[in-house]
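# Geometric and topological summary
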Amino acid sequence: MNQDQMKQAAGEKALDFIKPDTIVGVGTGSTVNYFIDALATMKDSIKGAVSSSEQSTERLKAHGIEVFDLNHVDSLDVYVDGADEITPHMAMIKGGGAALTREKIVAAVAKEFICIADSSKQVDLLGTFPLPVEVIPMARSYVARELVKLGGDPVYRQGVVTDNGNVILDVHNLSITDPKQLENQINAIVGVVTNGLFAERAADKLILGTENGAQVIEN
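One structure accompanies this document, and this report is about it. Quick caveat: nothing in here was measured; it's all calculated off a predicted structure. The written sequence of each chain sets the order in which its residues are numbered from 1. Restriction of local features to residues with pLDDT of at least 70 applies here, the model being predicted, together with a cutoff of 80 or more for giving and counting side-chain atom pairs; totals for whole chains, interfaces and linings are based on all residues. Side-chain descriptors were evaluated using all non-hydrogen atoms of the structure, hydrogens and water having been removed beforehand.

### Digging into the packing of helix α1 (residues 3-13) against helix α2 (residues 30-39)
To get an axis, a line is fitted to the C-alpha atoms, and for a helix only the part in contact is used. The angle between two axes follows their N-to-C directions and goes from 0 to 180 degrees. Segments assigned H or I by DSSP are reported as helices when at least four residues long, segments assigned E as strands when at least two residues long, and all are numbered from the N terminus. Closest axis-to-axis distance for the α1/α2 pair is 8 Å, and the angle between their directions is 50°. Classified by the interaxial angle, the pair formed by α1 and α2 is oblique. As α1 runs across α2, the sense of the crossing is right-handed. Residue-level inspection shows D4, K7, Q8, G11 and E12 of α1 in contact with α2, the latter providing S30, T31, Y34, F35 and A38. Classification used: nonpolar for Ala, Val, Leu, Ile, Met, Phe, Trp, Tyr, Cys and Pro, charged for Asp, Glu, Lys and Arg, polar for all others including Gly. Along the lines of polarity and charge, the residues of the contact of α1 with α2 split into three nonpolar, four polar and three charged. Oblique is the label for any angle not under 35 degrees, not over 145, and not in the 65 to 115 range, which are roughly parallel, roughly antiparallel and roughly perpendicular in turn. Put simply, a crossing is left-handed when the front helix is turned counterclockwise from the back one by less than a right angle, and right-handed when it is turned clockwise. Here a residue-residue contact requires only that any non-hydrogen atoms of the pair lie within 4.5 Å.

The structure is reproduced here in structure tokens:
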């Protein structure tokens, strides 16, 4: 299997955990796109979806899947999303697609968080992939200086505006040995909306696309 086939295998396997007559939390990214396409095959048995990005919303609607505003949904049984990196303890770096804040909100509402990824995303230590931080625009320089104090090398993601109207700083050269602590430290910086560490709310299951098909790993 090539990388795209591994992503597809993981996305399709996630259907095993979707219950009839529920609203499904749907993330963002290339692996999630395969999940959305697979979800369309059972769209008549679910109520609809809550989406973490405008991009995913458009794809869901194109398949005829109703998309609900999260404010009108009390809870979600399952949230399915990808990762840029994930450890054996299910801590993740997310936000390569700049949808990290909405992803974190939907994940917080869901009873179960299922990460779908190909095997290249599995790491022992987070930080090779630069950590995205969503920032209020006027605070960009201040937040960057504070991130340097934490040992990072922040780079402004030029030309990117999030669905929330904010900007992204990608923090390079971090060795993230305590992802929960760093997640909270960065979120405490004034002007930060949130960062791409998903450690306080880690994944409950990982569906990993491998050369031998999709494997389900429990937290």
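Past the structure itself, the notes keep going.
### Description of the pairing of strand β7 (residues 131-135)
Buried residues are those whose accessible area, probed at 1.4 Å on protein chains only, stays under 20% of the maximum for their type, while exposed residues exceed 50% and partly exposed ones sit between those limits. The element β7 is extensively covered by neighbouring structure, given that five of its five residues are classed as buried. Where burial is concerned, the two faces of β7 agree: the one with L131, V133 and V135 and the one with P132 and E134 are both buried. Paired strands, as defined in this entry, are two strands with at least two bridges between them according to DSSP. Sheet topology places β7 next to strand β9 (residues 167-172); five bridges connect them, and they run antiparallel. When the bridges of β9 are listed, L131 appears paired with V171. In this sheet, strand β10 (residues 192-195) lies alongside β7 in antiparallel orientation, the contact comprising three bridges. Of the residues in β10, the one forming a bridge with V133 is N195.

### Thoughts on α2
One turn of an α-helix holds 3.6 residues; hence residues three or four places apart share an orientation. Burial analysis of α2 places seven of its ten residues in the buried class, which makes it a mostly covered element. Among the residues making up α2, those that are buried are T31, V32, N33, F35, I36, A38 and L39. Tucked inside the fold, the buried residues of α2 contact α1, β1 (23-26), α3 (54-62), β3 (76-81) and β6 (110-118).

### Structural notes on unusual backbone geometry
In this structure, M90 is a non-glycine residue whose phi angle is positive, near 75°. Counting through the fold element by element, M90 comes out in the loop between β4 (85-86) and β5 (92-93).

### Points about the pairing of β3
Along β3, five of the six residues are buried, which leaves the element largely enclosed by surrounding structure. The sheet contact formed by β1 and β3 spans two bridges and is parallel. Across the sheet, residue V26 finds its bridge partner in β3, namely V80. Relative to β6, β3 is paired through five bridges, and the arrangement is parallel. Within β6, the residue paired with V80 across the bridge is I114.

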